[in-house]
Amino acid sequence: EADIYQTPRYLVIGTGKKITLECSQTMGHDKMYWYQQDPGMELHLIHYSYGVNSTEKGDLSSESTVSRIRTEHFPLTLESARPSHTSQYLCASSLSGANVLTFGAGSRLTVL
Amino acid sequence: KNQVEQSPQSLIILEGKNCTLQCNYTVSPFSNLRWYKQDTGRGPVSLTIMTFSENTKSNGRYTATLDADTKQSSLHITASQLSDSASYICVVYDRGSTLGRLYFGRGTQLTVWP
């Protein structure tokens, strides 16, 4: 079983609300990632981090922000949610020098 | 255009039958290719990894093949089970750039019927 946890698993909120998706891993991985996944589409990288206090935007433009204050924690925040943010968000981690990702179970966000 | 194309998009088979999923890629330079299984409502889980020099690799009832010359990979599932119902995602790693990059296919949705 993967040692990477995402909460909440499911979230339904109204437009304009601020939300934070939590991601924690206990494997000591220094690299962490956030992907967005829509049905029938490939995963798109929206944020990544190579270590504490290191965050970068990914390939897909996103209005979300991330922080990496602790190695094990990589939360994603939406300041003002919109219906276009409705999607599945997957958190992943890996060791430096390795390209094998361990994924969390995902957070499915619905914005009404 | 996506650099990793998977086919078929979806597939329905009866329990006990075999099936083969395809992955064609244009990523270059190529470092390795990995197949992931994603159950509904879960994150992807790695099944197998293929490096440039490997042609075939098995993991239980799953056998992956790679032809680096034609840039094609396949995932063969033998004696399918209901638990094989999932999306199978092909991921190609390009070590050519400074940071390395992963290219994801859209997946093949496999449904196994009893």
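Quick summary incoming for the structure in this document. (Residues numbered from 1 in each chain as written. Chains lettered and ligands numbered in written order. Predicted model: local features only at pLDDT ≥ 70, side-chain atom pairs only at ≥ 80, totals over all residues. Heavy atoms only, no water.)

## Things to note about the environment of histidine 29 of chain A
All names here are of chain A.
1) Next: Relative to the helices and strands, histidine 29 is located in the loop between strand 3 (19-25) and strand 4 (31-37).
2) Next: Histidine 29 sits 22 residues away from glycine 51 along the chain, and the two C-alpha atoms are 8.7 Å apart.
3) Next: Histidine 29 has contacts with Arg68, Thr71, Ser93, Ser94, Leu95 and Thr102, leaving out every residue within four places of it along the chain.
4) Next: Separated by 3.4 Å, the side chain of histidine 29 and the backbone nitrogen of serine 94 make a polar contact. (Helix = DSSP H or I, 4+ residues; strand = E, 2+ residues; numbered from the N terminus. Contact = heavy atoms within 4.5 Å. Polar contact = N/O pair within 3.5 Å; in protein donor to acceptor, adjacent residues only side chain to side chain.)

## Description of the interface of chain B and chain A
1) Next: Contacts between the two partners involve 18 residues from chain B and, on the opposite side, 19 residues from chain A.
2) Next: Linking chain B with chain A are one salt bridge.
3) Next: Arginine 106 of chain B serves as the salt-bridge partner of glutamate 42 of chain A, at 2.9 Å between the closest nitrogen and oxygen.
4) Next: At the junction of chain B with chain A, the criterion picks out five residue pairs in polar contact (both at pLDDT 80 or more).
5) Next: Listed by contribution, the elements that provide at least two residues to the side of chain B that touches chain A are strand 4 (32-38), strand 9 (86-94) and strand 10 (101-104) of chain B.
6) Next: When grouped by side-chain class, the residues that make up the side of chain B that touches chain A number eight nonpolar, six polar and four charged. (Salt bridge = Lys/Arg side-chain N within 4 Å of Asp/Glu carboxyl O. Nonpolar A, V, L, I, M, F, W, Y, C, P; charged D, E, K, R; others polar.)

## Some points on the pairing of strand 8 (residues 72-77) of chain B
All names here are of chain B.
1) Next: Two elements, strand 3 (residues 19-25) and strand 8, share six bridges in a ladder whose sense is antiparallel. In the strand pairing of strand 8, glutamine 22 is matched with serine 74.
2) Next: As judged from the six bridges shared by strand 7 (residues 62-67) and strand 8, these two strands associate in the antiparallel manner. Within strand 8, the residue paired with tyrosine 62 across the bridge is isoleucine 77.
3) Next: Linking two consecutive strands that pair antiparallel, namely strand 7 and strand 8, is a turn of four residues; a positive phi of about 60° is found at lysine 71 within it. (Pairing = 2+ DSSP bridges.)

## A closer look at the state of the cysteines
1) Next: Enumeration over the complete set of coordinates arrives at two disulfides over all chains.
2) Next: Disulfide pairing places cysteine 23 of chain A opposite cysteine 91 of chain A at an S-S distance of 1.9 Å. Because the torsion about its S-S bond is -75°, the bridge between cysteine 23 of chain A and cysteine 91 of chain A counts as left-handed. Pair noted here: cysteine 23 of chain A is in strand 3 and cysteine 91 of chain A is in strand 9 (residues 87-94), with a separation of 68 residues, a long-range link. There is no split in this pair, since cysteine 23 of chain A and cysteine 91 of chain A are both buried.
3) Next: Between cysteine 19 of chain B, a free cysteine, and cysteine 23 of chain B, which holds the nearest cysteine sulfur, the sulfur-to-sulfur gap is 15 Å. (Disulfide = S-S within 2.5 Å. Buried < 20%, exposed > 50% of the residue type's maximum accessible area, 1.4 Å probe, protein only.)

## Looking at the nonpolar core
1) Next: Formed by 25 residues in total, the largest nonpolar core has its most connected members in Val4, Tyr25, Leu33, Trp35, Leu75, Tyr88 and Val92 of chain B.
2) Next: At the level of elements, strand 3, strand 4, strand 5 (45-51), strand 7, strand 8, strand 9 and strand 11 (108-113) of chain B are the ones that each hand at least two residues to this core.
3) Next: Discounting chain neighbours no more than four positions away, the residues touching tyrosine 88 of chain B are Gln6, Leu21, Trp35, Tyr36, Lys37, Leu47, Tyr62, Leu75, Ile77, Gly107, Thr108 and Leu110 of chain B.
4) Next: With 17 residues, the next largest nonpolar core counts Ile19, Cys23, Trp34 and Ile46 of chain A among its residues. (Core = buried A, V, L, I, M, F, W, Y, C linked by side-chain atoms within 4.5 Å.)

## Side note on the side chain of threonine 77 of chain A
Residue and element names in this part refer to chain A.
1) Next: Inspection of the secondary structure assignment puts threonine 77 in strand 8 (residues 76-78).
2) Next: Looking at threonine 77, its side chain comes within polar contact range of the side chain of threonine 20, at 3.1 Å.
3) Next: The residues contacting threonine 77, other than those within four sequence positions of it, are Lys18, Ile19, Thr20, Ser64 and Thr65.

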